[in-house]
Amino acid sequence: MINQPRNIVDMLEILETKDPATYAHSIRVSEIALQIALEMGMEDQHVLRNISVAALLHDIGKVFVPDEILFKKGGLNVAEFKVMKKHVAMGKIITSQLDDFEIRMIVFQHHEAFDGSGYPMRLKADEICIGAKICATADAFDVIRFGRHYREARSAEQTVAEIERCSGTKFAPDVVVALNRCATKIEKILARNNFHAKNVIAKIRDEMS
Ligand SMILES: [Fe+2]
Ligand SMILES: [Fe+2]
């Protein structure tokens, strides 16, 4: 059971209004993260739900990023990237309204890298919570696979190859192994556009009513 379901739905509605592309990205990341977690053998329903919800909210801090930076075509300059990076700290503050510490941690750590080259804390390996490692890999999968206004989409095979190339540097090797094992399944789910994340949102709405 998630506490304060109203807040989660409110947060997602604000994100959908401000940035529909990031909202759609978040739904897909939640689905990909869930599939990786299941592939890794996670069974605890509370843990799986926290990973799903945290992935839905991982970029929620972007609602406070100015439009001229968030929607800028082309690369960001150093000063703009510094502002963009603040979305993780903003996300942590926004999700601090939720009782689940794990959700906050995943949101705060989703840009940390396995080798310590990420941000904001430059955590490495087991200093990063498993949910954030999964979220970071699912996040990258979606960005590479579907592209962005600043980068072209890639094929499923190219996406998996790119993530594998960064195993042990950007991404946790055990998470990459699990992603490889369920990549075909993820591709089928994404093609059907029938996401568990939408069920998660529907269930949260039910809990509110
Ligand atoms: Fe992010
Ligand atoms: Fe993201």
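Attention here is on the structure that accompanies the text. Sequence order as written defines the numbering, with residues in each chain counted from 1. Note on labels: chains are lettered from A, ligands numbered from 1, in written order. Totals for whole chains, interfaces and linings use all residues, but because this is a predicted model, local features are given only for residues with pLDDT of at least 70 and pairs of side-chain atoms are given and counted only at 80 or more.

Examining the nonpolar core
If you look at soluble globular proteins, the nonpolar side chains tend to sit buried side by side. Ala33, Ile36, Ala54, Cys135 and Ala138 are the most contacted members of the largest nonpolar core, which has 47 residues in total. For helices the rule is a DSSP run of H or I covering at least 4 residues; for strands it is a run of E covering at least 2, with both sets numbered from the N terminus onward. Counting only elements with at least two residues in this core, the list comes to helix H1 (5-18), helix H2 (20-39), helix H3 (45-57), helix H6 (87-95), helix H7 (101-109), helix H8 (130-146), helix H9 (156-165) and helix H10 (173-192). Contact between residues is assigned whenever the C-beta positions, reconstructed from backbone atoms, fall within 7 Å. Contacts of Cys135, omitting those with residues within four sequence positions, involve Val29, Ala33, Ala54, Ala55, His58, Ile106 and His110. Nonpolar cores are built from buried Ala, Val, Leu, Ile, Met, Phe, Trp, Tyr and Cys residues. These are joined into a set through C-beta atoms within 7 Å. Buried residues are those with 20 or more other C-beta atoms within 10 Å of their own C-beta, exposed residues have 12 or fewer, and partly exposed residues lie in between; C-beta atoms are placed from the backbone.

Overview of the environment of Leu190
Inspection of the secondary structure puts Leu190 in helix H10. Since 19 C-beta atoms lie within 10 Å of it, Leu190 is described here as partly exposed.

Observations regarding the packing of H2 against H3
Two numbers describe a pair of packed helices, the interaxial angle and the distance between the axes. To obtain each axis, a line is fitted to C-alpha atoms, and for helices this fit is confined to the stretch in contact; angles are then taken between N-to-C directions over 0 to 180 degrees. Between H2 and H3, whose axes approach to 7 Å, the crossing angle comes to 155 degrees. One way to sum up the angle between H2 and H3 is to call them roughly antiparallel. Crossing handedness for the pair H2 and H3: right-handed. When H2 is examined against H3, the residues Ser26, Ile27, Val29, Ser30, Ala33, Leu34 and Ala37 are found in contact with a partner set consisting of Leu48, Ile51, Ser52, Ala55 and Leu56. Gly is placed with the polar residues, together with every amino acid not listed as nonpolar (Ala, Val, Leu, Ile, Met, Phe, Trp, Tyr, Cys and Pro) or charged (Asp, Glu, Lys and Arg). Considered class by class, the residues forming the contact of H2 with H3 number nine nonpolar, three polar and no charged. In this scheme, roughly parallel covers angles under 35 degrees and roughly antiparallel covers those over 145, while 65 to 115 is roughly perpendicular and the rest are oblique. For any helix crossing, the convention is left-handed if the near helix is rotated counterclockwise from the far helix by under a right angle, and right-handed if that rotation is clockwise.

So, H2
Working rule for helices: expected span equals 1.5 Å times residues minus one. Given a rise of 1.5 Å per residue, 20 residues ought to cover 28 Å, and the 29 Å separating the end C-alpha atoms of H2 matches this to within 8%. Following H2 by one or two positions, Gly41 has its phi on the positive side, about 90 degrees.

Things to note about the packing of H7 against H8
Contact pair H7 / H8: the axes reach a minimum separation of 8 Å and the direction vectors enclose 45 degrees. In this view, H7 runs oblique relative to H8, as classed from their interaxial angle. Seen along the crossing, H7 lies across H8 with a hand that is right-handed. Residues Glu102, Met105, Ile106 and Gln109 of H7 lie in contact with H8, whose contacting residues are Gly131, Ala132 and Cys135. Broken down by class, the residue content of the contact of H7 with H8 amounts to four nonpolar, two polar and one charged.

Observations regarding unusual backbone geometry
Cis geometry is adopted by the peptide bond preceding Pro120, which originates at Tyr119 and carries an omega value of 10 degrees. Relative to the helices and strands, Pro120 resides in the loop between H7 and H8. Of note in the backbone geometry, Arg122 takes a positive phi value of approximately 50 degrees without being a glycine. Of note, Arg122 is situated in the loop between H7 and H8.

Re the environment of Ala140
Residue placement: Ala140 occurs in helix H8. Taking the C-alpha atoms as reference, Ala140 lies 8.7 Å from Val29; in sequence the two are 111 residues apart.

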